[in-house]
Amino acid sequence: MELKFSKRNQILIVRIQGEIDHHTCEHMRVAVEHNFEKIRGKHMIFEMSGVDFMDSSGIGAMIGRYKVAKCMGGKVVIANPNERVEQIFRMSAMDRIISCYPNLEQAIQHLEGGK
Amino acid sequence: MELKFSKRNQILIVRIQGEIDHHTCEHMRVAVEHNFEKIRGKHMIFEMSGVDFMDSSGIGAMIGRYKVAKCMGGKVVIANPNERVEQIFRMSAMDRIISCYPNLEQAIQHLEGGK
Amino acid sequence: MKYENECVTYFAAKSQNESLTRVLVTSFLATYDPTVSEITDVKTAVSEAVTNAIIHGYEGQDGMVELFCGYAEETIYIEVADKGKGIGDITRAMEPLYTSKPELERSGMGFTIMEAFMEGIMVVSTPNLGTRVSMYKKLSRE
Amino acid sequence: MKYENECVTYFAAKSQNESLTRVLVTSFLATYDPTVSEITDVKTAVSEAVTNAIIHGYEGQDGMVELFCGYAEETIYIEVADKGKGIGDITRAMEPLYTSKPELERSGMGFTIMEAFMEGIMVVSTPNLGTRVSMYKKLSRE
Ligand SMILES: Nc1ncnc2c1ncn2[C@@H]1O[C@H](COP(=O)(O)OP(=O)(O)O)[C@@H](O)[C@H]1O
Ligand SMILES: Nc1ncnc2c1ncn2[C@@H]1O[C@H](COP(=O)(O)OP(=O)(O)O)[C@@H](O)[C@H]1O
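Residues numbered from 1 in each chain as written. Chains lettered and ligands numbered in written order. Predicted model: local features only at pLDDT ≥ 70, side-chain atom pairs only at ≥ 80, totals over all residues. Heavy atoms only, no water.

## Overview of the overall build of chain C
Secondary structure summary: chain C contains four helices and five strands in total. Ordered by position from the N terminus, the helices and strands of chain C form the series β-α-α-β-β-α-α-β-β. Relative to a compact globule of 142 residues, whose C-alpha radius of gyration would be 14 Å, chain C shows 14 Å and is just as compact. Across its three principal directions, the C-alpha atoms of chain C cover 45 × 30 × 25 Å. Burial status across chain C gives 59% buried among its 142 residues. Look at the contacts in chain C between residues 6 or more apart in sequence, and 66% of them connect residues 24 or more apart. Put simply, chain C shows about 6100 Å² of open surface, and 51% of that area lies on carbon and sulfur atoms. Counting 13 positive and 21 negative side-chain charges, chain C places the averaged centre of each group 4 Å from the other. (Helix = DSSP H or I, 4+ residues; strand = E, 2+ residues; numbered from the N terminus. Rg over C-alpha atoms; globule rule 2.2 N^0.38 Å. Buried < 20%, exposed > 50% of the residue type's maximum accessible area, 1.4 Å probe, protein only. Contact = heavy atoms within 4.5 Å. Areas by Shrake-Rupley, 256 points an atom, 1.4 Å probe, with all protein chains shown as cover. Lys, Arg positive; Asp, Glu negative; His and termini not counted. Charge placed at Lys NZ, Arg CZ, Asp CG, Glu CD.)

This is how it looks when you write it as structure tokens:
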């Protein structure tokens, strides 16, 4: 797994490349928390067009990040998940707290449009 | 392994894509013999730029084809082997009976230039 | 059962080996012309079961995990086993969203995904002796 | 020996599994930042030993082949074993160009390649009981 971080106002944008499993989630958790604190972020967007595998560890990791963002009054949003990733998110009914958008622009719009 | 056959006069040109091991060599042997007979070939050129793995089964297969070509008064020549493939050929001293050329044109020239 | 092909692997219960098991099962399947979606189904189910063996079975302690792959009559058979902690209440463990380790960011969706992506699943477990998850899936093979 | 990571696989002695063993060993190595050339070395040596177990050990008959991968102190350890025919004269078997099966288009270069691409190799064999080839290679890890 490779992670690329960028920010836009109070949004931490995380581009994930590769496989999301229990092993790589450990690494992701640490790196995301670190960068989120550094930019004093409020929201997180996970851009997933480069994700070629995800199992249920990905759900756990997203819910974990959701809790962190919620503490800051923020949200977590997924951009560009492939069909499989979206299917796994839907199965867990996680889409009720974390929305998926077909691209980064719409994800940003959603977060900046809301309060 | 994928094989593509073409001919030029009495030369059967075999483009190999993929991995050369004991398993795939079985398939190659049958397909090459069949095509060599069909075109009533004399020489064979194996174009190996697409070979990403070869073990000693490849040496055995090339010597096997050399014997067949020799019966027809012909030769076997390798074109475009990567460094590894060439190393394995050199280790077996096979380069004394089967020459390697850096590209298909030189391989053809060698066969058509000779008698 | 007589398998057309079979392969059993024992590996250290380390998370770095999760990807190895996916690679292994993908390569095992490759001979049988699976669809991309079948490969992903089986890979995901294996990943869930193997992760469970590592996290829940051995809870980070040393141990060996077994992964069996078998193929017979257009069907792929998978077994993942550990000699770890075992599961007390299998029915509850298999409920969607149930997890005994929320503090490790588990979602409780592992078994649900295995059930959704494979055709059949059977779990045998004895507390302190270990767990064996057996799954199968028929390939379409058009 | 205590390995940092280890993995042992038993698979049916079928030639279709030769590529599976290469994929497995590549994936096992991946965690340790090997160079491309180190990966190819180990993959090739494994391919030779596994092919020998299938062709010479079992001679096309049913049987199971064992592939062990271990890692400790920057060194990869590989063992390939079969319970097949065994080797009568190991010294002769290891000579370059010696093969007992020229009719199957074998080149007799298998052991020579294993020796060239790995750092150490040991062969233990008993006629009618089987053969175990143990190899190791230190990784450069710059
Ligand atoms: N191999 C195992 N050994 C012990 N307990 C297990 C094992 N697999 C699953 N469990 C138990 O079943 C529960 C549910 O598993 P699962 O649906 O995969 O969700 P999760 O892994 O996210 O907790 C786990 O939380 C654990 O208590
Ligand atoms: N696992 C094995 N079981 C029985 N005999 C073997 C085994 N491996 C190697 N041999 C013997 O050693 C010989 C040399 O092996 P090798 O150098 O790999 O060349 P090749 O496989 O091309 O014959 C073989 O021809 C065979 O007689």
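The rest of the description comes next.
## Section: the side chain of Arg106 of chain D
Mapped onto the secondary structure, Arg106 of chain D falls in the loop between helix H3 (90-93) and helix H4 (110-117). Beyond its immediate stretch of four places on either side in the chain, Arg106 of chain D contacts His22, Ser56, Ser57 and Gly60 of chain B together with Thr51, Ile55, His56, Thr99 and Lys101 of chain D.

## Some details on the interface of chain D and chain B
In many analyses, interface size is given as the accessible surface area lost on bringing the parts together. Each partner contributes residues to the interface: chain D has 25 residues there, and chain B has 20 residues. Taking both sides of the interface into account, the surface hidden between chain D and chain B amounts to around 1800 Å²; carbon and sulfur atoms contribute 55%. For the chain D face of the interface with chain B, the top three residues by lost area are Arg22, Glu105 and Phe117 of chain D, together amounting to 29%. Counting across the chain D and chain B interface gives four salt bridges. Residue Arg65 of chain B is joined to Glu105 of chain D by a salt bridge in which the shortest nitrogen-to-oxygen separation is 2.7 Å. Summed over the shared surface of chain D and chain B, the number is 13 residue pairs in polar contact (both at pLDDT 80 or more). (Buried area = accessible area lost by both parts, 1.4 Å probe. Salt bridge = Lys/Arg side-chain N within 4 Å of Asp/Glu carboxyl O. Polar contact = N/O pair within 3.5 Å; in protein donor to acceptor, adjacent residues only side chain to side chain.)

## Some points on the site of ligand 1
All names here are of chain C. Near ligand 1 you find 18 residues, and of these Asn52, His56, Thr99, Ser100 and Gly108 are the closest. One of the side-chain N or O atoms of Asp82 is found 2.9 Å from a nitrogen atom in ligand 1. One nitrogen or oxygen atom from the main chain of Ser107 is found 3.3 Å from an oxygen atom belonging to ligand 1. Here ligand 1 has 530 Å² of accessible area as a free molecule, and 96% of this is covered by the chains. Among the secondary structure elements, those contributing two or more residues to the shell around ligand 1 are helix H2 (36-57) and helix H4 (110-117). It is H2 that provides the largest number of residues to the shell around ligand 1, a total of four residues. (Near = heavy atom within 4 Å.)

## Digging into the pattern of salt bridges
Evaluation of the coordinates by the stated rule reveals 24 salt bridges over all chains. Salt-bridge contacts for Glu19 of chain A lead to Arg22 of chain C; the nearest nitrogen and oxygen are separated by 2.7 Å. Taken as a pair, Glu19 of chain A in strand S2 (residues 11-20) and Arg22 of chain C in helix H1 (residues 17-30) lie in two separate chains rather than in one. We classify Glu19 of chain A as partly exposed; its relative accessible area is 24%. Within the structure, one salt-bridge network assembled from shared partners comprises Glu19 and Asp21 of chain A together with Arg22 of chain C.

## A few points about the environment of Asp55 of chain A
Turning to its location among the elements, Asp55 of chain A is positioned in the loop between strand S3 (43-54) and helix H2 (56-71). In sequence terms Asp55 of chain A and Ile88 of chain A are 33 residues apart; their C-alpha atoms lie 7.5 Å from each other. If we skip the residues at most four places from it in the chain, Asp55 of chain A touches Ile20, Asp21, His22 and Ile88 of chain A together with Thr44, Ser47, Glu48 and Thr51 of chain C.

## Description of helix H1 (residues 22-38) of chain A
Taking 1.5 Å per residue, 17 residues should reach 24 Å; H1 of chain A reaches 25 Å between its end C-alpha atoms and fits that length. What H1 of chain A keeps buried is the set His22, Thr24, Cys25, Met28, Ala31, Val32, Asn35 and Phe36 of chain A. Looking at the packing, one finds that the buried side of H1 of chain A touches strand S1 (2-8), S2, S3 and H2 of chain A together with H1 and H2 of chain C. If you check the start of H1 of chain A, you find a side-chain oxygen 3.0 Å away from the backbone N of His23 of chain A, and it comes from Asp21 of chain A. Downstream of H1 of chain A by a residue or two, Arg40 of chain A has a phi angle that is positive, lying close to 50°. (Expected span 1.5 Å × (residues − 1).)

## Looking at the interface of chain C and chain A
Opposite the 25 residues of chain C that make contact, chain A presents 20 residues. Roughly 1800 Å² of surface becomes buried between chain C and chain A when both sides are summed, with 55% attributable to carbon and sulfur atoms. For the chain C face of the interface with chain A, the top three residues by lost area are Arg22, Glu105 and Phe117 of chain C, together amounting to 29%. The interface formed by chain C and chain A holds four salt bridges in total. Across the pair Asp41 of chain C and Arg84 of chain A runs a salt bridge, and its minimum N-O distance is 2.4 Å.

## Focus on the nonpolar core
Here is a general trend for soluble globular proteins: nonpolar side chains tend to be buried in one another's company. Grouped together as the largest cluster of nonpolar side chains are 68 residues, with contacts concentrated most on Ile78 of chain C together with Ile78 of chain D. The contact partners of Ile78 of chain C, leaving out residues within four places of it in the chain, are Val25, Val42, Val46, Leu67, Phe68, Cys69, Met118, Val133, Ser134 and Met135 of chain C. (Core = buried A, V, L, I, M, F, W, Y, C linked by side-chain atoms within 4.5 Å.)

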